[in-house]
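Chain by chain, the residues run as shown.
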Amino acid sequence: MSEVTSPKIPVTVLTGYLGAGKTTLLNRILSENHGKKYAVIVNEFGEIGIDNDLIIGADEEVFEMNNGCICCTVRGDLVRIMDGLMKRKGKFDAIIVETTGLADPAPVAQTFFVDEDVQKNARLDAVVTVADAKWLSDRLKDAPEAKNQIAFADVIVLNKTDLVNKGELAEVEARIRAINPYAKLHRTERCSVALADVLDRGAFDLDRILDIEPDFLEADDHDHDHDHHHRGHDHHHGHGLKHYHDEDMQSLSLKTDKPLDPNVFMPWLQNLVQVEGGKILRSKGILAFHDDDDRYVFQGVHMMLEGNHQRKWKEGEPRESRLVFIGRELPEEAIRKGFESCIVS
Amino acid sequence: MKEFTPAPDSASIVSVTDRVKPIALGMGVTSAHFLADRAAFVGGEEKVALVDAKGEISTVAVHSGGILSTASDGKRLVMGGDDGKVVSLDAKGEVTLLATDPKMRWIDAVALHPDGALAWSAGKTANVKSGKNEEKSIEVPSTVGGLAFAPKGLRLAIAHYNGATLWFPNMAATAEFLPWAGSHLAVTFSPDNKFLVTAMHEAALHGWRLADNRHMRMTGYPGRVRSMSWSAGGKALATSGADTVILWPFASKDGPMGKEPAMLAPLQARVSVVACHPKNDILAAGYSDGTVLMVRLEDGAEILVRRNGTPPVAALAWNAKGTLLAFADENGDGGLLEL
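Structure report, in brief.

### A closer look at the overall build of chain A
Now for step 1: For chain A, the count of helices and strands is 10 helices and 16 strands.
Now for step 2: When each of the 345 residues of chain A is scored for burial, the buried share is 56%.
Now for step 3: Of all intrachain contacts in chain A linking residues separated by at least 6 positions in sequence, the fraction that spans at least 24 positions is 73%.
Now for step 4: On chain A, roughly 15,100 Å² of surface is accessible, and the fraction owed to carbon and sulfur atoms is 47%.

Given below as structure tokens:
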């Protein structure tokens, strides 16, 4: 997947629980004076006013691929719509897919990895999740869909921040970070976010995996180490800021400055996503292999992985390997042990 | 077809490229058909280009957006668009509006029956308008992937997720459901009415023998099958999707069950479209590198019609007599070959 210059149409997936403000963000994107034309794929066709020339109603039809991969589901309607849209190439610059509030983002994302024709013409740019600052904390308790959408996100637009006080805002952010510390988070009122922060992110572009560090809005607010994990309790840090641990959705970060053996690592990673791919929503890694002057990068969605040599390690750049998994009930000990066995001793 | 038999001592492939009349269509092309003796090249959106044997092009506006589906019986070309309309174009170049989806949904599939009946689908609904202009519709469990009329009687096959539905629009009985897990897209009946074959979202075909609904799995393709064509008389089904033409045998009562397909005309490029000659055991194949070949089914002998080095061939069609072959690549660089 190293066709950097190929003119694939970027696709932004817009998710978020019911009422969080997806349509507000969509209309914001469309009405801004960017000179670009978007094809918009929405569900519940025609119900809410969206001001755009090219709007396609989708049915969110998810089906399983018969390739033996248990969690390999794709959006059949998207395959069909992309096929139809490609007959009108040149009439739009980018595609935005808005999902229903209850949708799992994985089948949408997987459609862009599994389907050969879709992949030839389009690339997934990022999953953008709109979250309601007032209600998200509650939804994370009672709606697994909301949790999925946060876990899956590359960008989180934390909306309606004007409806909560500072303490409530800190609380909801901490809950988001407990699930997904890696997404870029933007606090907004009425989805007022710079377009550059949600579009053209290249979140699935291997060439743009630069670093894998937790995203912090204000460095002073959060300075704790996310490499360690807290089990089942709320935990107070220095600044009176709560640190939550989500019971079933976590991120796991692995790091080593010792080189990895590609002949051990690759089969281990393949096997891990085959066996635990149902639990692993997203994965990403920058790897330093033994006797290899190139950085290797990979990223994955559930059981699907793609990876490539990215570039030469720069002089003076620490040759560090970092991996991140976001998922449900991750077998942390087994993953850590497996990873350690890949280190060249 | 004697004149195209390669001489036994010929060192390289026989070429007829110098006999092709080049046609610059100036628009992206998705399929080709013949209306009488004019080739109809269907654009990706809005237009159809009618081209006569001299290479004269006349362009006709048919839709106000993308053209999603086409079917032709040689007398008229029916198209479904993303403007929610079903229109037909006849050999004179006249456009008729046949139907409009009430919600202006995309018309994903269309089919034509030899007696003039028409079928189209939008979302999960398939509609039939018989030759007497009676309109009937049926809802299937998921979005329609493809439509095909049986060669005999008014019977419609509807491909969708997890199988195909067989429907007699004029009968009160409930439609028959042929299950098979996965997403079924294009669908076609064998000309002898004995088999139904679907092209799946996965790189495979699925077939049912209609007498007993026995399954036929036709797998092994590296890519999705987007083009299927029955050979003259229906003895074989030619398909795209591999770097050779895959030809499944359908001459016996068991069809391809337990048999290997023939693999013809291998190239270093994937077959993108196939079209069997209407009378002789010859087919035309277009490839992803722009090559067009004519291939004899019996022994796989090849004749070069168009050289490689362009975008994929998107459109191929023979006229009813089999004397003209029309082709075009995705960018609308096409040609006509008179035999």
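Picking up where we left off.
### Some points on the packing of aromatic side chains
For any pair of aromatic rings, the description rests on two quantities: the centre-to-centre distance and the angle between the ring planes.
Now for step 1: Inspection of every chain in the model, using the stated rule, returns 9 aromatic pairs over all chains.
Now for step 2: Both rings, one in Phe63 of chain A and one in Tyr161 of chain B, keep their centres 4.9 Å apart while their planes meet at 35 degrees; by these two values the pair is tilted. Remark: Tyr161 of chain B occurs in strand β15 (residues 156-167) and Phe63 of chain A occurs in strand β4 (residues 62-64); the pair is interchain, linking two chains. Both residues of the pair, Phe63 of chain A and Tyr161 of chain B, count as buried.
Now for step 3: Between the aromatic rings of Phe289 of chain A and Tyr296 of chain A, the centroid separation amounts to 5.5 Å while the plane-to-plane angle is 50 degrees, which identifies the pairing as tilted. Considered together, Phe289 of chain A and Tyr296 of chain A belong to a single accessibility category, that of buried residues.
Now for step 4: Following the ring pairs from residue to residue traces out a cluster consisting of Phe265, Trp268, Phe289, Tyr296, Phe298 and Phe339 of chain A.
Now for step 5: Above the face of the Trp313 of chain A ring, Arg295 of chain A is positioned so that its terminal group lies 5.5 Å from the ring centre.

### Here's the deal with the sheet that holds strand β3 (residues 54-57) of chain A
Residue and element names in this part refer to chain A.
Now for step 1: If you trace the 7 strands from one edge of the open sheet to the other, you get β3-β2-β6-β1-β7-β8-β9, paired in parallel fashion. Because the sheet does not close on itself, it has two edges, and the strands there are β3 and β9 (184-187). Averaged over all adjacent pairs, the angle separating strand axes in this sheet is 20 degrees, with direction ignored.
Now for step 2: As defined by bridge partners, strand β2 (residues 38-42) adjoins strand β6 (residues 94-98) across 4 bridges and the pair is classed as parallel.

### A short note on the interface of chain A and chain B
Interface size is often expressed as the accessible area that is lost when the parts come together.
Now for step 1: In this assembly, 23 residues from chain A lie in contact with 27 residues from chain B.
Now for step 2: Taking both sides of the interface into account, the surface hidden between chain A and chain B amounts to around 2,000 Å²; carbon and sulfur atoms contribute 45%.
Now for step 3: Counting the contacts that link chain A with chain B gives 9 salt bridges.
Now for step 4: The closest approach of N and O atoms between Glu45 of chain B and Lys91 of chain A, which form a salt bridge, is 2.7 Å.
Now for step 5: Elements with a contribution of two residues or more to the side of chain A that touches chain B: α2 (76-85) and α4 (116-121) of chain A.
Now for step 6: Ranked by the residues each element gives to the side of chain A that touches chain B, the list is headed by α2 of chain A, at 8 residues.

### Description of the sheet that holds strand β13 (residues 280-288) of chain A
All names here are of chain A.
Now for step 1: One open sheet holds the 5 strands; their spatial order is β12-β16-β13-β14-β15, and the pairing between them is antiparallel. Taken across any chain shown, the strands that pair with only one partner, and hence form the sheet edges, are β12 (249-256) and β15 (304-312). Strand-to-strand twist in this sheet, taken as the mean axis angle between neighbours without regard to direction, amounts to 10 degrees.
Now for step 2: Pairing between β13 and strand β16 (residues 321-328): 6 bridges, direction antiparallel. Paired with Ile286 across the strands is Arg322, a residue of β16.

### A look at the packing of helix α9 (residues 262-276) of chain A against helix α10 (residues 332-340) of chain A
All names here are of chain A.
Now for step 1: Where α9 meets α10, the axes come as close as 10 Å, and the angle between the chain directions of the two elements is 160 degrees. With respect to α10, the element α9 is oriented roughly antiparallel. As α9 packs across α10, the resulting crossing turns out to be right-handed. Every residue of α10 that contacts α9 at Phe265, Trp268 and Leu272 is listed here: Ile335, Gly338 and Phe339.
Now for step 2: Taken together, the residues of the contact of α9 with α10 break down into 5 nonpolar, 1 polar and no charged.

What counts, and at which threshold
Numbering of residues starts from 1 in each chain and follows the order in which that chain's sequence is written. Chains and ligands are labelled by the order in which they are written, letters from A for the one and numbers from 1 for the other. Since the coordinates come from a predicted model, pLDDT governs what is reported: local features require at least 70, and pairs of side-chain atoms require 80 or more to be given and counted, while whole-chain, interface and lining totals use all residues. The basis for the side-chain values is all heavy atoms of the structure; hydrogens and waters are excluded. In this text, helices come from DSSP runs of H or I with a minimum length of four residues, and strands from runs of E with a minimum of two, each type numbered from the N-terminal end. When accessible area is computed with a 1.4 Å probe and restricted to protein chains, residues below 20% of their type maximum are described as buried, those above 50% as exposed, and intermediate ones as partly exposed. We call two residues in contact whenever any of their non-hydrogen atoms come within 4.5 Å of each other. Shrake-Rupley sampling with a 1.4 Å probe provides the accessible areas, and residues are treated as covered by the protein chains on show and by no other component. A pair of aromatic rings is counted whenever rings of Phe, Tyr or Trp (Trp by its six-membered ring) have centres within 6.5 Å, and the orientation is called stacked for planes under 30 degrees apart, edge-to-face for over 60 and tilted otherwise. We call a charge positioned over a ring when the NZ of a Lys or the CZ of an Arg lies within 6 Å of the ring centre and within 35 degrees of the ring normal. Here a strand pair is declared whenever DSSP counts at least two bridges between the two strands. With axes taken as lines fitted to C-alpha atoms, and helix axes fitted only over the stretch in contact, angles between N-to-C directions fall between 0 and 180 degrees. Throughout, buried area stands for the accessible area (probe radius 1.4 Å) lost by two parts on being put together, summed over both. Salt bridge, as applied in this entry: a Lys or Arg side-chain nitrogen positioned within 4 Å of an Asp or Glu carboxyl oxygen. For classification, angles of less than 35 degrees are called roughly parallel, those exceeding 145 degrees roughly antiparallel, those between 65 and 115 degrees roughly perpendicular, and all remaining angles oblique. Crossing handedness is defined as follows: a turn of the near helix away from the far one that is anticlockwise and smaller than a right angle gives a left-handed crossing, while the clockwise case is right-handed. Only Asp, Glu, Lys and Arg are considered charged in this grouping, and only Ala, Val, Leu, Ile, Met, Phe, Trp, Tyr, Cys and Pro are considered nonpolar; every other residue, Gly among them, is considered polar.

Spatial relationships are all this shows, so hold off on functional conclusions.
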